[in-house]
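# Report on the structure
Residues per chain, in single letters:
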Amino acid sequence: MILESFKPNFPTEMIEEGRVKVLVPELKAFVKLPSEYAPSKAPVFYNPVMELNRDLAVLAVQAYQRKIGRKICVCEPLTGCGLRGIRFAVEVQGVRKTLISDINEQAFRLASYNVQMSRLTKHVTVRKKEANLALSSHSAPRQRFDVIDIDPFGSPVPFLDSAVRALRDRGLLALTATDMASLCGVHPRACVRKYGGRPLRNEYCHELAARLLAGCLTTIAGRHDLGVDMVFTHRGEHYIRVYATAKYGAKSADECMRNMGFVFHCFTCFHRETAKGFPEVAHSRKCDECGSRLSVAGPLWLGNLSDAHFCDLMEQEIQKRKLKLGGKIRKMLTLVKSESNAPPTYFVVDKMCDALNLPVPPVDDVVESLRKEGFHASLTHFSSRGIRSNAPARKFADTLHRMV
Ligand SMILES: C[S@@+](CC[C@H](N)C(=O)[O-])C[C@H]1O[C@@H](n2cnc3c(N)ncnc32)[C@H](O)[C@@H]1O
Ligand SMILES: [Zn+2]
């Protein structure tokens, strides 16, 4: 297709993001009511709110490339207007080839136009293929990708099998999930069906959502004798995102499966426990603290959600770039790094104070008090009011009482 022949039959505008300029649907032309969600009304998907997600993806792919120290091939099989894939090709050093693809004809045409306009036709290939098909045609050895970024509508699960098969040994897989109603327990049956684990609708449901997605990936990768390690995980406004590196071999897969387990949560007294492996998940299990019935989430990933060294590499990359959202990203990276080795689950100060009928102290003061008492305490990017701690719920509550 030559540039001149491309005439979109819908309103478009040129935008700048990172170091690229691309043509996207003019969103305001597609909404009639302020309540309408513009990105999904347009003939080609484009969501400006996901800039942070794409910025972090650029940093993560660059961090990964630096870590492995050779040229890489990248695939974005659900590309929309091509923005993310084009950013990888332009902003990440050491990208040899990028394949972008979309099932939607208009998206394919717009992405092709954007690739040509950016003078990237030698480096970026555009396909109009169903994502599983695009990935499966790269599942043979030496055809596989170093990096695959799955950024779908809703759940990435329908693409996991093909993504795992198309990923090179030691490759990086990035997954976005926007089906938060399933993952956060509003529709628990949908979560069990899609992710193979039970969610819980509690104060740390977003962390459980990330762990359910990571757990689902671990199980699917395990079927292909692949182990996966989560190197970076973050929560967005309406999504979660997990970056995992793969390691071929049944032994690695078995080792990673050891990070699977359950979270037991008491809705009465905030007590929570984790158990790795597949213990007897009796529904009648009682809370050791108050005797209420424990609710269970999982099976899910109980290993680390992020790797501190990988976060360091991402932090180094941000120093070299001018990103509009740089300040926000720096703060997020610092928090994610600080919680990378902390225990699973967090306490939400406001929720506990509410239940205990106590005034709400500043979160930083609670962290300090817990530390003084000898407990681990750190903030979490999952919730601005959350604290990760190895203190039992009872001790946490005592601390809040003492602070009044
Ligand atoms: C959330 S949008 C992608 C946004 C893009 N990754 C970005 O960062 O701007 C999801 C895209 O997947 C495409 N899509 C949906 N189902 C697909 C499938 N089975 N195969 C390929 N593309 C698909 C849609 O047309 C849409 O453009
Ligand atoms: Zn209890």
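See the structure printed just above.
Source: prediction; values computed, not measured. (Residues numbered from 1 in each chain as written. Chains lettered and ligands numbered in written order. Predicted model: local features only at pLDDT ≥ 70, side-chain atom pairs only at ≥ 80, totals over all residues. Heavy atoms only, no water.)

## A look at the overall build of the protein chain
From N to C terminus, the protein chain includes 15 helices and 15 strands. For the protein chain, whose C-alpha radius of gyration is 22 Å, the value lies close to the compact-globule estimate of 22 Å for 404 residues. For the protein chain, with 404 residues in total, the buried portion stands at 56%. In the protein chain, of all internal contacts separated by at least 6 residues, the share reaching a separation of at least 24 is 67%. Total accessible area on the protein chain stands at roughly 17900 Å², and carbon and sulfur atoms take up 51% of it. Taken together, the 59 basic and 42 acidic charged side chains of the protein chain have centroids lying 5 Å from each other. (Helix = DSSP H or I, 4+ residues; strand = E, 2+ residues; numbered from the N terminus. Rg over C-alpha atoms; globule rule 2.2 N^0.38 Å. Buried < 20%, exposed > 50% of the residue type's maximum accessible area, 1.4 Å probe, protein only. Contact = heavy atoms within 4.5 Å. Areas by Shrake-Rupley, 256 points an atom, 1.4 Å probe, with all protein chains shown as cover. Lys, Arg positive; Asp, Glu negative; His and termini not counted. Charge placed at Lys NZ, Arg CZ, Asp CG, Glu CD.)

## Thoughts on the site of ligand 1
Around ligand 1, a shell composed of 18 residues is seen, among which E76, D102, E130, A131 and D151 lie nearest. The separation between a nitrogen atom of ligand 1 and a polar side-chain atom of E76 is 2.6 Å. A distance of 3.2 Å separates a nitrogen atom of ligand 1 from a polar atom in the backbone of I103. Coverage of ligand 1 by the protein amounts to 90% of the 600 Å² it exposes when considered alone. Residues of the shell around ligand 1, tallied by class, amount to 8 nonpolar, 3 polar and 7 charged. (Near = heavy atom within 4 Å. Polar contact = N/O pair within 3.5 Å; in protein donor to acceptor, adjacent residues only side chain to side chain. Nonpolar A, V, L, I, M, F, W, Y, C, P; charged D, E, K, R; others polar.)

## A short note on the sheet that holds strand β15 (residues 383–389)
Strand order in the open sheet formed by 3 strands is β13-β15-β14, with antiparallel pairing between adjacent strands. Looking at strand neighbours, the two that pair on one side only are β13 (347–348) and β14 (377–380), the edges of this open sheet. As paired strands, β14 and β15 are joined by 4 bridges and run antiparallel to one another. Bridge pairing links S378 to R388 in β15. (Pairing = 2+ DSSP bridges.)

## Describing the environment of R66
Here R66 lies in helix α2 (residues 51–68). For R66, a relative accessible area of 32% gives the class partly exposed. Expressed as a C-alpha distance, the spacing of R66 and I387, which sit 321 residues apart in the sequence, is 32 Å. Other than its neighbours up to four places away in sequence, R66 contacts Q93, E317 and K320.

## Structural notes on the environment of G227
Secondary-structure assignment places G227 in strand β8 (residues 226–235). In sequence terms G227 and L217 are 10 residues apart; their C-alpha atoms lie 9.5 Å from each other. Not counting the four nearest positions on each side in its chain, G227 is found in contact with T245, A246, K247, G249, S252, A253 and C256.

## Comments concerning the pattern of salt bridges
Applying the stated criterion across every chain yields a total of 28 salt bridges. Here K28 ties to E26 by a salt bridge, and the two come within 2.9 Å at their closest N and O atoms. For E26, a relative accessible area of 21% translates into the label partly exposed. For the salt bridge of R241 with D149, the shortest nitrogen-to-oxygen distance reads 2.7 Å. On the criterion of sequence distance, the pair formed by R241 in strand β9 (residues 240–248) and D149 in strand β6 (residues 145–150) is long-range, its members being 92 residues apart. On the accessibility criterion, R241 (0% relative accessible area) is buried. Given the relative accessible area of 1%, D149 is considered buried. Among the charged side chains, a salt-bridge network with shared partners connects E17, R54, D55, R87 and E91. (Salt bridge = Lys/Arg side-chain N within 4 Å of Asp/Glu carboxyl O.)

## Some remarks on helix α8 (residues 188–195)
By the burial criterion, the buried members of α8 are A190, C191 and Y195. Seen from one end, α8 has its buried residues packed into an arc of 100°, which puts them on one side. Along α8, exposed side chains directed more than 90 degrees from the buried face belong to R189 and R193. Buried positions along α8 lie against β7 (167–177), α7 (180–183) and α9 (205–223). Backbone geometry just after α8 places G196 at a positive phi near 70°. (Arc of directions from axis to C-beta.)

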